[in-house]
Amino acid sequence: MTFHSMWAELLPIGRSSASGGYRRFAWTGADRDCRAWFQEQAQTRGLAYETDRNGNQWAWLGDPAAGDAVVTGSHLDSVPDGGAFDGPLGVVSSFAALDELRARGADFTKPLAIVNFGDEEGARFGLACVGSRLTAGQLTREQAHRLTDGEGVTLPRAMEAAGHDPDTIGPDPERLARIGAFVELHVEQGRALDLSGDRVGIASAIWPHGRWRFDFRGEANHAGTTRLADRRDPMLSYAETVLAARREAELAGAVATFGKIAVEPNGVNAIPSLVRGWLDSRAEDQDRLDAVVAGIEKAAGEYAAAHGVGLDVVRESFTPVVEFDHALRDELVRILGKDTGLTVPVLGTGAGHDAGILSGSIPTAMLFVRNPTGVSHSPAESATEDDCVAGVAALADVLEGLACR
């Protein structure tokens, strides 16, 4: 099966006819269909298929118990109305790379696995990389059981409804001990490769990043009869904080985004009693990130006080800077440059990934495929087929160098 045919099979799953974007949320019908597609790809190739205790899917070539396995893959879920490439490109490319290695007659000396990590985007339960965090012990069973979606459905209920036992979830050190290296291929979420003219790049590090919830609490009242001077309107404080986030990010050379908001009572003719906004902020280093978030919190507090509004700020998630394994990264550079003599660009990224979560437990690395627009988390996300095929070839070369004679 070719890259093109696999991509065509996966493309319709979870796609919104209204937006053209994807709504593949964890433990939903679209997620179930993506999982069925992964299982079929594994079984078609004669790979040993399994779902681990945390709902991650694995397809094995060779004996996992042998240890020092080389693993590749990514995720199949999406952000709300996301693009086609973020995650699925890595999974499809992994199967295509295995097909390429078999066509080359590669002699595997180590077990090879392809993985689909569950709930990487965190679109449903609000926490990114749930599957890999659980596996690495960065999310406890108790914490996971408290995760709830916007409809009040808990993660355990959602998993159980999809046929997975939520009582089994938790750290999986035995599995991680079998893995010698994990290499994740991903569409670039930015334009560095487009600007440099390269099809494929290697990741150096992931910026520190996190999510903070800002709760502005005011007083609900009539929009038509309440004088402006008598209002305690949390929307004003929130709006001013959004602008402050932009200013603080520009000053620090970082990024800060309020991309999600919830309003109560959410009536056109009612002054809100509560405005809840979620901040996503990322920076090249920890000091810059701390400065940005502290500046935003300070500004929010001042705006809230000026309008007689209460403010609570809760950090919901945080990932420190991730430096990918230097030896593995250098080996990727050597493998991809050995026949061509070309220098493969090494670049950092502000986007979080499963490879970043696992980097504290096992050696990890990432390959990026050029994105001509730099747009991601949007239906406009794209990569040309030629660049995707180049990514498959690069991944096949890396896997051959790591897992074969």
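Because the structure is a prediction, the values reported are computed rather than measured.

Regarding the overall build of the protein chain
- Looking only at helices and strands, the protein chain features 13 helices and 15 strands.
- In terms of overall size, the protein chain behaves like a compact globule, its C-alpha atoms giving a radius of gyration of 22 Å where 405 residues would be expected to give roughly 22 Å.
- With the C-alpha coordinates of the protein chain rotated into their principal frame, the extents come out at 80 × 45 × 40 Å.
- For the protein chain, the residues scored as buried account for 51% of the 405 residues in total.
- A separation of at least 24 residues holds for 77% of the contacts in the protein chain among residues at least 6 apart in sequence.
- Accessible area for the protein chain stands at about 17,100 Å²; split by element, carbon and sulfur atoms hold 50% of it.
- Looking at charge distribution, the protein chain has the averaged site of its 38 positive side-chain charges lying 2 Å from that of its 58 negative ones.

Quick notes on unusual backbone geometry
- The omega torsion across Glu264 and Pro265 is 0°, close enough to zero to call that bond cis.
- In this fold, Pro265 is placed in the loop between β9 (255-264) and β10 (270-271).
- One non-glycine residue, Cys129, lies in the positive phi region at around 60°.
- Secondary-structure assignment places Cys129 in the loop between β4 (112-117) and α4 (130-136).
- On the basis of relative accessibility, which here comes to 3%, the residue Cys129 falls in the buried class.
- For Asn266, which is not glycine, the phi torsion reads 70° and is therefore positive.
- Following the sequence through the fold, Asn266 ends up in the loop between β9 and β10.
- In this structure Asn266 comes out as exposed when scored by relative accessible area, which is 60%.

Overview of the nonpolar core
- One finds Trp37, Leu89, Phe95, Leu332 and Leu367 to be the most contacted residues of the largest nonpolar core, which totals 52 residues.
- Residue contributions to this core peak at nine residues, all from helix α13 (residues 385-403).
- Setting aside residues up to four positions removed in sequence, Leu332 forms contacts with Val183, Ile202, Ala365, Met366, Leu367, Val398 and Leu402.
- Counting residues in each nonpolar core, the second largest holds 25 residues, with Ala69, Val71, Ala136 and Leu193 among its members.

What about the packing of helix α11 (residues 326-337) against α13?
- Running from amino to carboxyl end, α11 crosses α13 at an angle of 115°, the nearest separation of the two axes being 9 Å. Our classification of the angle between α11 and α13 gives roughly perpendicular. Every pair of crossing elements has a handedness; the one defined by α11 and α13 is right-handed. Contact residues: Leu328, Glu331, Leu332, Ile335 and Leu336 in α11; Ala394, Asp397, Val398, Gly401 and Leu402 in α13.
- Taken together, the residues of the contact of α11 with α13 break down into seven nonpolar, one polar and two charged.

Concerning the packing of aromatic side chains
- Applying the stated criterion across every chain yields a total of twelve aromatic pairs.
- For the ring pair Trp58 and Trp60, a centre distance of 5.8 Å and an interplane angle of 15° mean the geometry is stacked.
- With a relative accessible area of 2%, Trp58 lands in the buried category.
- Taken together, the aromatic side chains of Trp37, Phe38, Tyr49 and Phe95 make up a single cluster linked through ring pairs.
- Above the face of the Trp27 ring, Arg35 is positioned so that its terminal group lies 4.4 Å from the ring centre.
- Over the ring of Trp278 we find Lys260; its NZ or CZ atom is 4.6 Å from the centre of that ring.

Focus: α13
- Taking 1.5 Å of rise per residue, 19 residues should cover 27 Å, and α13 covers 26 Å from first to last C-alpha, within 8% of that figure.
- All of the buried residues along α13 are Asp387, Cys388, Ala390, Gly391, Val392, Ala394, Leu395, Ala396, Val398, Leu399, Leu402 and Ala403.

What to know about the sheet that holds strand β7 (residues 209-217)
- Within the open sheet, the four strands sit side by side as β9-β11-β7-β12. Their pairing is antiparallel. Only two strands of the sheet have a single neighbouring strand rather than two, namely β9 and β12 (310-319). Taking the axes of each pair of neighbouring strands and ignoring which way they run, one obtains an average angle of 15° across the sheet.
- Where β9 and strand β11 (residues 274-282) come together, nine bridges link them in antiparallel fashion. Opposite Val263, over in β11, you have Val275 as the bridge partner.
- Helix α10 (residues 286-306) contacts β7, β9, β11 and β12 of the sheet and is inclined by roughly 5° relative to β7.

Details of the pattern of salt bridges
- Per the stated rule, a full pass over the model turns up 31 salt bridges.
- The partner of Asp107 in a salt bridge is Arg405, with the nearest N and O atoms 2.5 Å apart. Pair noted here: Asp107 is in the loop between α3 (88-104) and β4 and Arg405 is in the segment after α13, with a separation of 298 residues, a long-range link.
- On the basis of relative accessible area, Asp107 is assigned to the partly exposed category, the value being 37%.
- A relative accessible area of 76% means that Arg405 is categorised as exposed.

Conventions used here
Residue positions are counted from 1 within each chain, in the order its sequence is given. Local features are withheld for residues below a pLDDT of 70 in this predicted model, meaning they are given only at 70 or higher, and side-chain atom pairs are given and counted only at 80 or more; totals for whole chains, interfaces and linings count all residues. Excluded from the side-chain calculation are hydrogens and water; included are all heavy atoms of the structure. Under the DSSP-based scheme used, a helix requires at least four consecutive residues in state H or I and a strand at least two consecutive residues in state E, with every element numbered from the N terminus. Only C-alpha atoms enter the radius of gyration, while the globule expectation follows 2.2 Å times N to the 0.38, with N the number of residues. Burial classes: relative accessible area under 20% of the type maximum marks a residue as buried, over 50% as exposed, and values in between as partly exposed (1.4 Å probe, protein chains only). Residues are treated as being in contact if the distance between any of their heavy atoms lies within 4.5 Å. To measure how exposed things are, a 1.4 Å probe is used in the Shrake-Rupley method; for residues, cover is taken only from the protein chains shown. When charges are tallied, Lys and Arg are placed among the positive residues and Asp and Glu among the negative ones, while His and the ends of the chain are skipped. Taken as the charge centre is NZ of Lys, CZ of Arg, CG of Asp or CD of Glu, depending on the residue. Nonpolar cores are built from buried Ala, Val, Leu, Ile, Met, Phe, Trp, Tyr and Cys residues. Side-chain atoms within 4.5 Å join them into one set. Structural elements are reduced to axes, namely lines fitted to C-alpha atoms, with helices fitted over the stretch in contact, and the angle between N-to-C directions of any two is expressed from 0 to 180 degrees. The cut-offs work like this: below 35 degrees is roughly parallel, past 145 is roughly antiparallel, 65 to 115 is roughly perpendicular, and the gaps in between are oblique. With the far helix as reference, a near helix turned anticlockwise by less than a right angle produces a left-handed crossing, and one turned clockwise produces a right-handed crossing. As a working rule, the residues Ala, Val, Leu, Ile, Met, Phe, Trp, Tyr, Cys and Pro are called nonpolar, Asp, Glu, Lys and Arg charged, and the rest polar, with Gly in that last group. Each aromatic pair joins two rings of Phe, Tyr and Trp (for Trp, the six-membered one) with centres within 6.5 Å, and gets the label stacked for planes under 30 degrees apart, edge-to-face for over 60, and tilted for any other angle. Whether a charge lies above a ring is judged from NZ of Lys or CZ of Arg, which has to be within 6 Å of the ring centre and within 35 degrees of the ring normal. Residue count minus one, scaled by 1.5 Å, sets the expected span of a helix. Two strands qualify as a pair provided that DSSP identifies no fewer than 2 bridges between them. Note on definitions: salt bridges are taken to be side-chain nitrogens of Lys or Arg within 4 Å of carboxyl oxygens of Asp or Glu.

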